[in-house]
Amino acid sequence: TEGRADVEILGQRLSVRGRGTPEYIVRLADYLNERVATVRDQARVFDPLRLSLLAGLHVVDELHRCRQAEADLVARVDELAKRLGAVLDGGTPRT
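Residues numbered from 1 in each chain as written. Predicted model: local features only at pLDDT ≥ 70, side-chain atom pairs only at ≥ 80, totals over all residues. Heavy atoms only, no water.

Undergrad: How would you sum up the packing of helix α1 (residues 22-43) against helix α2 (residues 48-88)? Please name residues and give values.
TA: Axis separation between α1 and α2 bottoms out at 9 Å; the angle between their running directions is 115°. In this view, α1 runs roughly perpendicular relative to α2, as classed from their interaxial angle. The way α1 lies across α2 gives a crossing that is right-handed. Touching Y31, L32, R35, V36, V39 and R40 of α1 are L51, L54, A55, H58, V59 and E62, all from α2. Across the contact of α1 with α2, the residue classes break down as eight nonpolar, one polar and three charged. (Axes fitted to C-alpha atoms, helices over the stretch in contact; angles between N-to-C directions. Helix = DSSP H or I, 4+ residues; strand = E, 2+ residues; numbered from the N terminus. Parallel < 35°, antiparallel > 145°, perpendicular 65-115°, else oblique. Left-handed = near helix turned anticlockwise from the far one by under 90°. Contact = heavy atoms within 4.5 Å. Nonpolar A, V, L, I, M, F, W, Y, C, P; charged D, E, K, R; others polar.)

Undergrad: Let's hear about the pattern of salt bridges: which residues, and what values?
TA: Note on pairing: side chains with opposite charge can pair once their charged atoms come close. Scanning the model with the defined rule gives six salt bridges in all. Note that R4 is salt-bridged to D6, the shortest N-O span being 3.7 Å. Judged by its relative accessible area of 45%, D6 is partly exposed. (Salt bridge = Lys/Arg side-chain N within 4 Å of Asp/Glu carboxyl O. Buried < 20%, exposed > 50% of the residue type's maximum accessible area, 1.4 Å probe, protein only.)

Undergrad: So what's going on with α2? Residues and values would help.
TA: The end-to-end C-alpha distance of α2 is 59 Å, a good match for the 60 Å that 41 residues give at a rise of 1.5 Å each. Directly after α2, the chain includes G90, whose backbone phi takes a positive value near 90°. (Expected span 1.5 Å × (residues − 1).)

Undergrad: Tell me about the side chain of R35, and please be specific about residues and values.
TA: By secondary structure assignment, the location of R35 is in helix α1. With residues up to four places along the chain from it excluded, the contact list for R35 reads A55, H58, V59 and E62.

Undergrad: Run through the pairing of strand β2 (residues 12-19), naming residues and quoting values.
TA: Two strands pair when backbone bridges link them, and strand β1 (residues 2-9) and β2 are joined in this way by eight bridges, in the antiparallel orientation. When the sheet's bridge partners are listed, D6 is paired in β2 with S15. Between the antiparallel neighbours β1 and β2 lie two residues, among them L10 with a positive phi of about 55°. (Pairing = 2+ DSSP bridges.)

Undergrad: Go over α1, please, and point to the residues and values.
TA: The end-to-end C-alpha separation of α1 is 31 Å, in line with the 32 Å expected for 22 residues at 1.5 Å each. Taken as a whole, α1 has its buried residues at I25, A29, R35, V36 and V39. End-on view of α1: buried residues confined to an arc of 120°, all on one side of the axis. Exposed side of α1, more than 90 degrees from the buried face: E23, R27, E34, D41 and Q42 are the residues found there. (Arc of directions from axis to C-beta.)

Undergrad: Please provide a residue-by-residue account of unusual backbone geometry, values included.
TA: Located in the positive-phi region is L10, a residue other than glycine, with phi close to 55°. Topologically, L10 is positioned in the loop between β1 and β2. Note on L10: relative accessible area 28%, which makes it partly exposed.

Take a look at the structure:
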């Protein structure tokens with residue numbers, strides 16, 4: 001579903017069109033504004049461009065960590081499924 005929403009990020013009003021409902025797009029903008037505020041408060045950075053870049057790095061770091069955690073979890077589930085399969089086939093599971 002493609003949606004459109006008017007949002008404000010760093011005091012700039014934007015009309016954003018993208019995948020998801022308008023409510024989802026607003027939630028994304030709210031999340032980014034929260035990250036910007038965190039960077040501003042922690043790093044004492046006030047330049048909008050630097051704030052945007054640093055907040056973007058924080059969000060990308062979160063995404064990368066989530067993807068890595070998901071890959072680790074998938075690998076763990078695959079290993080457990082193989083062990084379960086071996087047990088169900090009458091073999092001895094590897095530990």
